[in-house]
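Working through the structure, step by step
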Amino acid sequence: MKQPIRPYGDRKDDGVIQLSFVLPVPASEKAKEAAATVAKKLGLSHVLVACMEKAGEDYSFCVVYGRTHMQLDYAAIEVPTVVHRKHGFDELNEVIQRDVGRRIVVVGACIGTDSHTTGIDAIMNMKGFAGDYGLERYPLFRAINLGSQVEPAALVARAKAENADAVLVSKVVTQRDVHKEDARALLDIARAEGIFEKTLFLFGGPRVDHKTALELGFDAGFGPGTKPSDVANYIYYRLLERAGKAPPPQQTAHGTQDATVAGTGEKLGDTL
Amino acid sequence: MKQPIRPYGDRKDDGVIQLSFVLPVPASEKAKEAAATVAKKLGLSHVLVACMEKAGEDYSFCVVYGRTHMQLDYAAIEVPTVVHRKHGFDELNEVIQRDVGRRIVVVGACIGTDSHTTGIDAIMNMKGFAGDYGLERYPLFRAINLGSQVEPAALVARAKAENADAVLVSKVVTQRDVHKEDARALLDIARAEGIFEKTLFLFGGPRVDHKTALELGFDAGFGPGTKPSDVANYIYYRLLERAGKAPPPQQTAHGTQDATVAGTGEKLGDTL
Amino acid sequence: MAQLFVEASKIARARELAQSAAREVQAFIDRHTTVSIERTVLRLLGISGTGTRGAPLANLMVDRLREAKVLHRGAAYWLGRALRASPGKDPLHAIERVAAHPEKAPPLTAAEEVQLREEMRAESRSAIRELQSRIEQREELKRSLRVGSFEGAPWKYVIVATGNIHDDVEQARAAAQQGADVIAVIRSTAQSLLDYVPDGATTEGYGGTYATQENFRIMREALDAESRKLSRYLHLTNYSSGLCMPEIAFMAAYERLDMLLNDAMYGILFRDINMKRTFCDQYFSRRICGSAKIIINTGEDNYITTADADEAAHTVIASQLINETFAHLAGMKDEWIGFGHSFEIDPAREDTLLRELAMAMMVRELFPRSPIKYMPPTKHKEGDIFFSHAYDVMADLVAVTTRQGIQLLGMMTEAMHNPFLMDRYVALKSAGYVYRAARHLGEEISFRPDGIVARRQQEVFDKALHLLEEVARDGMMAAIGKARFGDTARTPEGGKGLEGVIERGADYFNPFLEILEGKA
Amino acid sequence: MAQLFVEASKIARARELAQSAAREVQAFIDRHTTVSIERTVLRLLGISGTGTRGAPLANLMVDRLREAKVLHRGAAYWLGRALRASPGKDPLHAIERVAAHPEKAPPLTAAEEVQLREEMRAESRSAIRELQSRIEQREELKRSLRVGSFEGAPWKYVIVATGNIHDDVEQARAAAQQGADVIAVIRSTAQSLLDYVPDGATTEGYGGTYATQENFRIMREALDAESRKLSRYLHLTNYSSGLCMPEIAFMAAYERLDMLLNDAMYGILFRDINMKRTFCDQYFSRRICGSAKIIINTGEDNYITTADADEAAHTVIASQLINETFAHLAGMKDEWIGFGHSFEIDPAREDTLLRELAMAMMVRELFPRSPIKYMPPTKHKEGDIFFSHAYDVMADLVAVTTRQGIQLLGMMTEAMHNPFLMDRYVALKSAGYVYRAARHLGEEISFRPDGIVARRQQEVFDKALHLLEEVARDGMMAAIGKARFGDTARTPEGGKGLEGVIERGADYFNPFLEILEGKA
Ligand code: B12
Ligand code: B12
Ligand SMILES: Cc1ncc(COP(=O)(O)O)c(C=O)c1O
Ligand SMILES: Cc1ncc(COP(=O)(O)O)c(C=O)c1O
């Protein structure tokens, strides 16, 4: 069944949205008109330029309200979700003991020139995140956190040396998609080193989601708010699956596709 | 010559804009995906849903960034501007004395159920606005301010009785375009009473602009920031023009077309 | 803690002056009634519903009595007479009959007169008892739930104003779920000038939703349910203002509203309602509010949306003292008088935070037992919603620091439209943060006794005192004539609704007033 | 006025402990030099430009000398020797020649040795004179213009970070026009780990723009022009941090920058740079900053982006006292030491505004003559830009109330991306409002001596004292090994750049150090 929705301002289906942007022209009545034109070109009607102010000699800052006429079929939106049951801390250790029969080895790092370690630390270190213990705390995990600014090659080498079950990759800086570049480089080296097939590759960070991670060739992606226990359970289920012991878990859900908005020199289309 | 522009986020032509809106669905990963879809349907790429939060059980509040690929020819945007020289207070009184030879009579009011008088007061009362004297202060104006909540018929009747040169109409409440309704009603009565042709009709308010006013049948529209002296000069020039004494002044500039964004029950198109 | 740097003797003097000014008006009030008061009496006596073309029965009846020039005896009297004359008839017809030829109505004996009055008094007492029991339900629900975010936090007050009561409910629920403590349903622009209260559920208003008893009921029902769900009591408020002050006070009491905007002068100044009418109406409406434990909110915040907030600050204080006196004269206790004021000084100036703190503390301390209602910036709001939001945050800070009782949350889109759902969301979330972040700030800091804040309070109070001297000397009506409040001048005979003011006869009968005034 | 509730004797004791800890490290510093220090000496002596594959000449020369294991005598000495040995040759070739067979270089007589050193000293003195005259230009321009929004207002500091110096200029100008006082050009992520400074104007960086001398020049030129146009002085800042601390300090001084991020421990903790290397480098870089009147900004704010801001508050204080000692040991005056700290306590907690005020006042008062650099919330920023903006507004309020010297303005999009032009606009406009609104608030209020704020200061200071006891007892290197700062552990031999640390020979020669240390 269809479930058509529109943005809601004051009443159902009024389609109201708020926009703000800067135009690279001096503040003026003409800039205000241009701001209205931008909104109209986005297909908005009932356009109100609430503000058009000088944001420097050559720029104007605009706040615009308008109504979109588009309608969205909410029923048609699909977001994959995990359906397997999540084990608690003790229980997970027990089932790993039972089903895997040994400690699971994971090697993680924040790669490239990125030194934002809080994310990977949240997953791997004892302390964990938001009251949820990190992988180091699990008796049935051997968690090796290489920290920040690790070259992809170094991470792969260590994973190979440790015969790791899973490699945990974190990237936080995303300007001009540098996180994707580094992530791709890592998988290329893993392939070259022959560990790609037999190892799980997990990608995480504030701009990462499951879909992006899959596109890049990872097994899974983990975004903001991920808890260590999510990761621990995920790895357990995938290992089971690889051992042919359980039904494959469904894809995890980590929001919408990532994208950075910072400027690039790339040519964009010039019509709409 | 063309002057193509795009919104400016971090670099020239990156096309970045910020959006916010509410979707009438509970906060969830699915709502987040829907928010991204809204942005994509507006033609944005590099969509980032920065925030998707619970704004009540059945609503989610979303902040989205994305890039529009549309381009605008800034050179093609036209905003009419006043070109006649503006007279100062004393000078204007002098030229009215010289060219009109008598006091100009204006009658003003805030019409309908609207009782926001500060706008019309700013134009008409002694005190004026932002350091600019109001019409009452001009020896060569006779300014009659009827105040708030004046029925259109009452305003027309008084204008007729006073043989007014100009009628000043203010409307501030604009929900569901009530300002336009009241304004149209006023002009209909003026036509019926036979003063429409010989009298100047000025329309003002925070959501009024010249273009809207013209569309409604007024001689001119005045929006936010209007000073009494703008109005005084405008009236003087138009009276001159009507007397065939000076070249017609160009249209005044008062921003982009007005629109209210509040909800209506009206049917909107359902595709984009 | 809010600090007050004004000498106690000056405060006492100011109160005396306000009392003397108000008492003069009260003498007038005590000699008059209005169509609206009489309609309320009829409603209290159970007259509800509408007649032809949707006109409320109470209006139709009172209009007849007024046309017949017999209203000076009181509608309750005539209702009694009519029902006695035409037993079994429906009240409207009965009244119409009496009113058609009042001179022909056979005179009652003194004993009959007494009996009639006693009967009406008895009915009135039972009506009041029913009202009280409804109020008690409201109070009981409130006692069983949490109130406000924490002890001492201002109640977060937000408005809904879609024009459609059902949309209003939807949005009120969403706001409640995000932390709102008070829902105000804003009225349609035109309503305060209507000399009747519309009937039934309504879905079309401009700039707000009609205040009707059915709309009150619908919203209160929704908020009761939501209160229970959230385990936090949700207050409901509306306007007892305009040409129907007392009627709406009654309906609100009956439908268990918690607060009402109700001011002794607002209608005069901002709606050009005749001052005699307003003075009389406010009195009876406050008698009802006092008995129904409804918090009233005065409207001094409005003065500084027309006048300059910094220059006219003293008019706020003077008016509050006058409003206080009027409320006391109507038998209200301090606990139910929510003095209104606001954060409106032009943000382009310097030290505005200090000047706002000075005012907020002064108002807080002048009325220590009253729940101050604090309004956010509106006048200097801009289309730049980000700036507007920052500006509101400062008002939130002042509100929590100075322990204002009720805070209307500022909306970042104030300069554009009635609040959207998302505007309210943004405001509630930020206010929650500010309250939490500054929870004990007020108790931590003190202001220099010789500083900007102290001097500002003294300066404002001195000017207020001066104004009160004038008002006490020349009289309230003259002061209003000189635009002393809200930069707006009004005359005693001008404005709407004067025709509805009637001098009470020697035999004026109003059983409710007797009860409410403690005379029966 | 900022208030301090900590006993003076405790403060004195803490300073002693910090000094004793730092002096131990200083003894190490005084026995060592680094490749970066030596490259800086060469740059001071006029060695600029790049060789093959873009490597800076100074790097090529120092690398040769290090490979030849003769760097312990100092690069200045070898440059003197080389130029004397190959007069007229270009310096790189001359150095390469000496370095190829240093053992074969004919020994100089004692008199020649003395003469060589005297010549190099003379050159150094004239280099320093040139530098000083450039600094004087900067100071003169500043004296001729207005500085900051008003006396006592924090300087509004915003970052530009497009990666492209020309875009940076564009955005810096726009920010300046909207009220920014300080422009910080953020570096590309990778740069602090580069053991050389890139050359020329650059247009491609990630998360920032490369710090190069040419980029400095381009931006300073633009800001000079803009300063004159606006009649308000615009400060420029960058990073003297990472593997090239001293070199960047020199370039910045030469290009008339006003400030530099420069911390005795940041590189160790947050970039995993070897601690010996960092300690030595920070010393020479600060010698330059001190002489060039460059305000340094320490990096304690970073600690509480990894550790919990409330729990780790004492590490900020302890580290500041250590940074202070290091700066003093490098001859810096208090006026040029801009201690860094930040508004980072989790906004979900209660009374965070009070706790932030406690910290801000304590830092302000512990270093009364220093220009405190206050950082905004970053860690708990959310994608909800409206909330994020409200949160920043509170930081603005603390900054102006407690008279922080320099305030980095929070960006509502902190959780998403490097600031866009519009983010900066929004931040500058609101900060302008808050500064104006609360201009004299700090002078008006005082905090209870037994309140939350006072107790919080005492608690934090006691913990800082305790930590300093440990550091003084076990030594700085051991304390860092135990993750006492920023929740990060480092070892003396670990991290990047240890190979660039060289023990000074008995005959070590560094004419600039002699001058800067006042020994020549
Ligand atoms: C703390 C911080 C720092 C600290 C980092 C300290 C440290 N040891 O990590 C310091 C101060 C050193 C720093 C420096 C810089 N930073 Co920084 N920093 C931040 C900040 C404030 C918070 C990041 C954080 O700690 N988040 C908390 C963690 C727990 O969240 P998380 O990373 O998302 O991790 C969670 C999930 O994503 C997931 N996850 C993450 N990784 C992984 C991996 C796996 C395998 C899995 C399963 C899950 C997972 O699980 C975690 C727990 O739920 C952000 C702004 C913000 N509020 O987000 C900027 C921010 C990330 N920094 C930024 C920048 C640009 C820098 C600098 C480059 C600036 C400069 N030029 O100097 C430098 C250099 C850093 C470098 N070389 O990488 C930008 C990045 C812009 C972009 N999108 O590209 C941000 C967004 C700020 C901004 N708006 O400009 N930064
Ligand atoms: C002050 C104010 C009031 C005061 C009005 C006092 C008075 N005597 O005017 C009080 C408190 C009484 C009031 C009440 C209400 N208000 Co009111 N009010 C405002 C407020 C805060 C400021 C308006 C103002 O004074 N602006 C300053 C003047 C000088 O600006 P201006 O009107 O634009 O005038 C300038 C120009 O437009 C032009 N101009 C204007 N008129 C004319 C005419 C001519 C001929 C010319 C040439 C030029 C001209 O020149 C002027 C000078 O430059 C605005 C919010 C805001 N910040 O804008 C809300 C606002 C206008 N109010 C609003 C509402 C809904 C109401 C109420 C209906 C709420 C309610 N249900 O109770 C009531 C009822 C009012 C009624 N019956 O009309 C809404 C309107 C929503 C909409 N777009 O429809 C607003 C936008 C607030 C909001 N966001 O909800 N209000
Ligand atoms: C006391 C009081 N009554 C009424 C109103 C609302 O106006 P209206 O008369 O349109 O209902 C206000 C507005 O704030 C008010 O303060
Ligand atoms: C002292 C100091 N140096 C440097 C930096 C920046 O990091 P990077 O090393 O990437 O230049 C910071 C960050 O805030 C800092 O505080």
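This report concerns the structure included in the present document. (Residues numbered from 1 in each chain as written. Chains lettered and ligands numbered in written order. Predicted model: local features only at pLDDT ≥ 70, side-chain atom pairs only at ≥ 80, totals over all residues. Heavy atoms only, no water.)

Quick notes on the site of ligand 2
- Residues in close proximity to ligand 2 total 47 residues, the closest being His116 and Thr118 of chain B together with Ile186, Arg187 and Glu414 of chain C.
- Near ligand 2, the surrounding residues are drawn from chains B and C.
- Taking Thr378 of chain C, its main chain carries an N or O atom lying 2.7 Å from a nitrogen atom of ligand 2.
- Separating an oxygen atom of ligand 2 from a side-chain N or O atom of Asn418 of chain C is a distance of 3.0 Å.
- Mapped by element, the contributors of at least two residues to the shell around ligand 2 are helix H3 (118–124), strand E8 (166–170) and strand E9 (200–204) of chain B together with helix H10 (266–271) and helix H12 (303–306) of chain C.
- With four residues, H3 of chain B is the largest single contributor of residues to the shell around ligand 2.
- Here the residues of the shell around ligand 2 are counted per class, giving 18 nonpolar, 23 polar and six charged. (Near = heavy atom within 4 Å. Polar contact = N/O pair within 3.5 Å; in protein donor to acceptor, adjacent residues only side chain to side chain. Helix = DSSP H or I, 4+ residues; strand = E, 2+ residues; numbered from the N terminus. Nonpolar A, V, L, I, M, F, W, Y, C, P; charged D, E, K, R; others polar.)

Let's talk about the side chain of Glu324 of chain C
- Tracing the backbone shows Glu324 of chain C in helix H13 (residues 313–329).
- With sequence-adjacent residues up to four places away left out, Glu324 of chain C is seen in contact with Arg15, Asp334, Phe339 and Phe367 of chain C. (Contact = heavy atoms within 4.5 Å.)

Some details on the sheet that holds strand E2 (residues 155–160) of chain C
Residue and element names in this part refer to chain C.
- Here nine strands make up an open sheet; going across it, the order is E7-E6-E5-E4-E3-E2-E10-E9-E8 and the pairing parallel. Only two strands of the sheet have a single partner each, and these edge strands are strand E7 (337–338) and strand E8 (340–342).
- Where strand E6 (residues 295–297) and E7 come together, two bridges link them in parallel fashion. Note that in E7 the partner of Ile296 across the bridge is Ile337.
- Where helix H7 (residues 165–177) meets the sheet, its contacts fall on E2 and strand E3 (182–185), and the angle it forms with E2 comes to roughly 155°. (Pairing = 2+ DSSP bridges. Axes fitted to C-alpha atoms, helices over the stretch in contact; angles between N-to-C directions.)

A look at helix H5 (residues 178–192) of chain B
- In this model H5 of chain B runs 21 Å from its N-terminal to its C-terminal C-alpha over 15 residues, within 8% of the 21 Å that 1.5 Å per residue would give.
- Summarising the contacts, the buried residues of H5 of chain B are in contact with helix H4 (152–162), E8, E9 and helix H6 (210–216) of chain B. (Expected span 1.5 Å × (residues − 1).)

Looking at the interface of chain B and chain C
- Taken together, the contact pairs 25 residues of chain B with 35 residues of chain C.
- Taken together, the two surfaces of chain B and chain C that pack against each other cover about 2,300 Å², and 48% of this comes from carbon and sulfur.
- Broken down residue by residue, the surface that chain B buries against chain C is led by Gln149, Gln175 and Arg176 of chain B, which jointly contribute 23%.
- Linking chain B with chain C are five salt bridges. (Buried area = accessible area lost by both parts, 1.4 Å probe. Salt bridge = Lys/Arg side-chain N within 4 Å of Asp/Glu carboxyl O.)

Notes on the pattern of salt bridges
- Summed over the entire model, instances satisfying the criterion amount to 136 salt bridges over all chains.
- Note that Asp167 of chain D and Arg11 of chain B form a salt bridge whose closest N and O atoms lie 3.9 Å from each other. Taken as a pair, Asp167 of chain D in helix H7 (residues 165–177) and Arg11 of chain B in the loop between strand E1 (4–5) and strand E2 (16–23) lie in two separate chains rather than in one.
- Owing to a relative accessible area of 7%, Arg11 of chain B belongs among the buried residues under this scheme.
- Arg39 of chain C serves as the salt-bridge partner of Asp195 of chain C, at 2.9 Å between the closest nitrogen and oxygen. Here Asp195 of chain C, found in the loop between E3 and helix H8 (213–230), pairs with Arg39 of chain C, found in helix H2 (residues 35–44); they are 156 residues apart in sequence, far enough to count as distant.
- For Arg39 of chain C, a relative accessible area of 1% gives the class buried.
- Within the structure, one salt-bridge network assembled from shared partners comprises Arg39, Arg43, Asp195, Glu247, Arg277 and Asp281 of chain C. (Buried < 20%, exposed > 50% of the residue type's maximum accessible area, 1.4 Å probe, protein only.)

Comments concerning the site of ligand 4
All names here are of chain D.
- Around ligand 4 sit Arg187, Ser192, Tyr239, Ser241, Leu261, Asp263, Tyr266, Arg271, Gly299 and Asn302, and those are all the residues in its vicinity.
- The contact in question runs from an oxygen atom of ligand 4 to an N or O atom on the side chain of Arg271, over 2.9 Å.
- One of the side-chain nitrogen or oxygen atoms of Asn302 is found 2.8 Å away from an oxygen atom of ligand 4.
- In terms of residue class, the shell around ligand 4 is made up of three nonpolar, four polar and three charged.

Looking at the pairing of E3 of chain C
All names here are of chain C.
- By the alternation rule, side chains of E3 split into Val182 and Ala184 and Ile183 and Val185, which are all buried.
- Two strands pair when backbone bridges link them, and E2 and E3 are joined in this way by four bridges, in the parallel orientation. Within E3, the residue paired with Tyr157 across the bridge is Val182.
- Crossover connection from E2 via H7 to parallel E3: handedness right-handed.
- Relative to strand E4 (residues 235–239), E3 is paired through three bridges, and the arrangement is parallel. The partner of Ala184 across the bridge, within E4, is Thr237.
- Handedness of the β-α-β unit built from E3, H8 and E4 comes out right-handed. (Right-handed = clockwise from strand over helix to strand, strands pointing away.)

Structural notes on the coordination of the cobalt atom of ligand 1
- Within the protein, just one atom coordinates the cobalt atom of ligand 1: His116 of chain A (NE2), at a distance of 2.1 Å.
- In this fold, His116 of chain A is placed in the loop between strand E6 (104–110) and helix H3 (118–124). (Donors = N, O, S within 2.8 Å, 3.2 Å for Na, K, Ca; no water.)

Some remarks on the sheet that holds strand E6 (residues 104–110) of chain B
Residues and elements named next belong to chain B.
- Here we have five strands laid out as an open sheet, ordered E7-E6-E8-E9-E10, and parallel in their pairing. Only two strands of the sheet have a single neighbouring strand rather than two, namely strand E7 (141–145) and strand E10 (220–222). This sheet shows a mean twist of 20° between the axes of neighbouring strands, independent of strand direction.
- As paired elements, E6 and E7 share five bridges and run parallel to each other. When the bridges of E7 are listed, Val106 appears paired with Ala143.

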